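So the chains spell out like this:
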Amino acid sequence: MPSPTNGAEEAPQPAGIVERLVRDDVDRKRFLKMAGSTGAASFGAFVLAACGSSSSSSKSASTAAAPATTGTTTSSTTGDVGILNYALTLEYLETEFYAKVVASGLFNGKVGSLIKDFGAQEASHVAALKAAVTKLGGTPAANPNGKFPIKSATQVAELAYTVENLGAAAYLGQAAKIQSPEVLASALAIHSVEARHAATLGTLVKKSVTPQGAFATPADMSTVLAAVKPFLA
Amino acid sequence: MTQNEIASPELAACEVHGMTRQAFILRGALAAGAFYGTASVAPFVSQAMAETGGGDAEILNFALTLEYLEADFYNVKGKSVGLSGEAKKYAKEFGAEEAAHVAALTAAIKQLGGTPVAKPTFVFPATSEKSFLALASVLENTGVGAYNGAAPSLKSKAVLASAGSIVQIEARHAAAIDLLIGKSPTPNEGFDKPLTKEEVLAAAGPLIKK
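Here the structure is a predicted model, which is why all the values come from computation and not from measurement. As a convention, each chain's residues are numbered from 1 in the sequence order in which they are written. Note on labels: chains are lettered from A, ligands numbered from 1, in written order. Under the rules for a predicted model, residues below a pLDDT of 70 receive no local features and side-chain atom pairs below 80 are neither given nor counted, while totals for whole chains, interfaces and linings still include all residues.

### Some words on the overall build of chain A
Quick note on the threshold: Starting at the N terminus, helices and strands are each numbered in turn, a helix being any DSSP run of H or I of at least four residues and a strand any DSSP run of E of at least two. Here, residue contact means that the backbone-derived C-beta atoms of the two residues sit within 7 Å.
Each helix and strand counted, chain A has ten helices and zero strands in total. Helices (α) and strands (β) of chain A occur, in sequence order from the N terminus, as α-α-α-α-α-α-α-α-α-α. Counting only contacts in chain A whose residues sit at least 6 apart along the sequence, the fraction spanning at least 24 positions is 84%.

### Side note on the overall build of chain B
For the record, the criterion: Burial is judged by counting other C-beta atoms within 10 Å of a residue's own C-beta: 20 or more means buried, 12 or fewer means exposed, and anything between counts as partly exposed, with every C-beta placed from the backbone.
The helix and strand tally for chain B stands at eight helices and zero strands. Listing the helices and strands of chain B from first to last along the sequence gives α-α-α-α-α-α-α-α. Out of the 210 residues belonging to chain B, those deemed buried represent 57%. In chain B, the share of contacts with a sequence separation of at least 24, taken over all contacts with a separation of at least 6, comes to 81%.

### Describing the interface of chain B and chain A
Selection rule: Residue polarity follows a fixed list, in which Ala, Val, Leu, Ile, Met, Phe, Trp, Tyr, Cys and Pro are nonpolar, Asp, Glu, Lys and Arg are charged, and the others, Gly among them, are polar.
In this assembly, 34 residues from chain B lie in contact with 37 residues from chain A. For the side of chain B that touches chain A, the secondary-structure elements that each account for two or more residues are helix H5 (85–111), helix H6 (129–150) and helix H7 (157–180) of chain B. In terms of residue count, H7 of chain B provides more of the side of chain B that touches chain A than any other element does, 15 residues in total. Counted by class, the side of chain B that touches chain A contains 17 nonpolar, ten polar and seven charged residues.

### Some words on the nonpolar core
So the rule is basically this: Any set of buried Ala, Val, Leu, Ile, Met, Phe, Trp, Tyr and Cys residues joined through C-beta atoms within 7 Å is what this text calls a nonpolar core.
The biggest cluster of nonpolar side chains holds 117 residues, and the ones touching the most others in it are Leu84, Ala87 and Ala187 of chain A together with Leu60, Ala63 and Tyr147 of chain B. Top element by residues in this core is helix H8 (residues 153–175) of chain A. It accounts for 13 residues. Setting aside anything within four residues of it in sequence, one finds Tyr147 of chain B in contact with Ala63, Ala163, Ile166, Val167 and Glu170 of chain B.

### Observations concerning the packing of helix H6 (residues 79–104) of chain A against helix H7 (residues 109–135) of chain A
Axes are the key here: two packed helices are described by the angle between their axes and the distance separating the axes. Residue and element names in this part refer to chain A. Applicable threshold: Axis geometry follows a simple rule: fit a line to the C-alpha atoms, using only the stretch in contact for helices, then measure angles between N-to-C directions, giving values from 0 to 180 degrees. Throughout, the term roughly parallel applies to angles under 35 degrees, roughly antiparallel to angles over 145, roughly perpendicular to angles from 65 to 115, and oblique to all others. Crossings are classed by handedness, with left-handed meaning an anticlockwise turn of the near helix from the far one by less than a right angle and right-handed meaning a clockwise turn.
Contact pair H6 / H7: the axes reach a minimum separation of 8 Å and the direction vectors enclose 155°. The orientation of H6 relative to H7 falls into the category roughly antiparallel. Of the two possible hands of crossing, H6 and H7 adopt the one that is left-handed. Its residues assigned to classes, the contact of H6 with H7 comprises 16 nonpolar, four polar and five charged.

### Description of the confidence of the model for chain B
Residue and element names in this part refer to chain B. Formally: What pLDDT expresses is the predictor's confidence in each residue, scored from 0 to 100.
Taken as a whole, chain B shows an average pLDDT of 81; of its residues, 74% reach a score of 70 or greater. When the criterion is pLDDT under 50, residues 1–53 qualifies, and its contacts beyond four places in sequence or with other chains add up to 88 contacts. This complex was scored by the predictor with a pTM of 0.75 and an ipTM of 0.77.

### Side note on H6 of chain A
Residue and element names in this part refer to chain A. This is how it is decided: Each helix should span, by expectation, one fewer than its residue count multiplied by 1.5 Å.
End to end, H6 covers 38 Å across 26 residues, agreeing with the expected 38 Å (1.5 Å per residue, within 8%). For H6, a buried count of 21 out of 26 residues is recorded, marking the element as mostly surrounded by other parts of the structure. Just past H6, the residue Gly105 takes up positive phi, approximately 70°.

### Focus: helix H9 (residues 181–204) of chain A
Residue and element names in this part refer to chain A. When the terminal C-alpha atoms of H9 are compared, their 35 Å separation across 24 residues agrees well with the 34 Å that a helix rising 1.5 Å per residue should span. In terms of burial, H9 is largely enclosed, as 22 of its 24 residues are buried. A positive backbone phi angle near 60° is found at Lys206, which sits one or two residues after H9.

### So, the confidence of the model for chain A
This prediction gives chain A a mean pLDDT of 78; 69% of its residues lie at or above 70. Overall, residues 1–72 of chain A carries pLDDT values under 50, and its contacts beyond four positions in sequence, including any with other chains, amount to 151 contacts.

### Section: the environment of Thr186 of chain B
By the element assignment, Thr186 of chain B lies in the loop between H7 and helix H8 (197–204). In sequence terms Thr186 of chain B and Gly85 of chain B are 101 residues apart; their C-alpha atoms lie 23 Å from each other. Among residues more than four places away in sequence, those in contact with Thr186 of chain B are Asp117, Gln121, Val193 and Arg196 of chain A.

### Section: unusual backbone geometry
All names here are of chain A. Backbone geometry places Asn145, a non-glycine residue, at a positive phi of 60°. When you line up the elements, Asn145 lands in the loop between H7 and H8. With phi around 60°, Lys206 is a residue other than glycine that occupies positive phi space. Position of Lys206 among the secondary structure elements: in the loop between H9 and helix H10 (221–228).

### With respect to the environment of Ile150 of chain A
Structurally, the position occupied by Ile150 of chain A is in the loop between H7 and H8. Each C-alpha atom of the pair Ile150 of chain A and Ser75 of chain A lies 36 Å from the other, and the pair is 75 residues apart in sequence.

### Examining the packing of H8 of chain A against H7 of chain B
Between H8 of chain A and H7 of chain B, whose axes approach to 9 Å, the crossing angle comes to 160°. Classified by the angle between their axes, H8 of chain A and H7 of chain B sit roughly antiparallel to one another. Seen from above, H8 of chain A lies across H7 of chain B with right-handed handedness. Touching Ala168, Leu172 and Ala175 of chain A of H8 of chain A are Leu160, Ala161, Gly164, Ser165 and Gln168 of chain B, all from H7 of chain B. Each residue belonging to the contact of H8 of chain A with H7 of chain B can be placed in one class, and the counts come to five nonpolar, three polar and no charged.

### A short note on the environment of Gly113 of chain B
All names here are of chain B. Structurally, the position occupied by Gly113 is in the loop between H5 and H6. By C-beta crowding, Gly113 is classed as exposed, having 11 other C-beta atoms within 10 Å. Residues Gly113 and Phe124, eleven residues apart in the sequence, show an inter-C-alpha distance of 32 Å.

Here it is in C-alpha cells:
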C-alpha cells in the first residue's frame, strides 16, 4: 500500500501557499486579520448547511472556538483556520486532479461516472472549506495549481488511490488538533468521504480497501505537504 | 436490491418503499424508529449507557456495542449464512477488523476508568448472501454516521484520534460493500451525515436481542 509517508522528502520545502501554511510563525503577522463578529456561531450555520444537522455540535463552541478569535485577530495559517486552509489546499489539488482525469477520457462507464462523482465531491469540499475559512475571519488559501502525470487508466487509478489515502490520512492527522467542535464535525464529514473514495479506488486497482488494517494511520502536515510537492505546478 | 429480492421480512422492514437504503439511513433511522417503536430499543440504551459514569467512556461504550454487533455479524452470521467470492473475503477481513475495534475500545474504556459493556446477543435477519450484504451496508453506513456524530463530543484528544482512526475504516468498509452491491460508495455525496444516538439506535437497536 502506498503509505501516507511515501514520497516524503527529507527536508520538505513546499512552495507558495503550501509553504506559507507550514511556516506559521514566520508569516503569522502578514495574515493577521480582524475577525469581526464572525466566529463559532456563524460557522455553526455553515456546518449545518454543509453537513446536515447535528444536534451535538454546538455544546462547547464558545469556549472551543476561542483560539481562533483570540485577540480579535485571525491568522490564515494557524489554528482552525490554518487547518482549514491546509485542507483547502489539498482539496484544490484533488479537484484539479480529477478534472484532468475526467478530461483525459481514460475512464468510461461506471468507473468514469464514479471518477466524475468524486471530482464533484472534492469541488464541494473546496467550496465548503473556502466558506468556512471566510466565516472564521481568515483568508482562504489560493488554488496552488497542480501538475499530474496522466498516462494510462491503470497509472491514474493507482495515483488516485495514493492521493485519496493521503487525503484521508491528512484529515485524520488534524482531527485532534481542531479546536472548534463545528470545524471538527465538518472535517469528519469530509474525512470519511475521502476514505470512501480511497476504498473505491482500492477495489479498482485490486488493492486492499483497508491497507492499514483495522486502524487508519494519520499523517502530519509536513509529511503530507512533502508528499504533494511533486504535484505542485 | 429490490424489495422482492429480500428473503427476510425483518430485513424487508428495513427497506423503505421508494427510498434507497442510504437515503433510509440518512433521513432517518427515524423511519425505523417508527417501524420498531422506541420500546424495542430501550433495553439497548440502558445497557449501553447505565454501566459507565458518562463522558468519553459512555460514548466509547456506545461505540463498543456497535462494534460487537458488527464483529458478530461478520464473524458469526458471515460464517453461517453461506458467502462466496468477494463477500466471503470481505466478511473475513472486515470481521477481523471489527474484532480489533472491540478489543481497542474495551481497553480504552478501562483506561478511562469505565466498565466496558457486556457483549449483547444479536439477531441478524440475513438469510442469503444478498440480504447479508444489504444489512452489511446498513451497519457500516450507520457506523460511520455514529462515529462522526459522537466524535465532536469526546473530551480526550487521544480518544478522538482513536475514534477517527476507526471511523475511517468503517467508511472504507461501507464503500467496499456498497460497490459490491451496486450502490453508490458515497451515499451522502461530499459530506457524510453525522447521526444522533437516537438515529443509530433506531437502525441498530432492532438487531439487539438482549
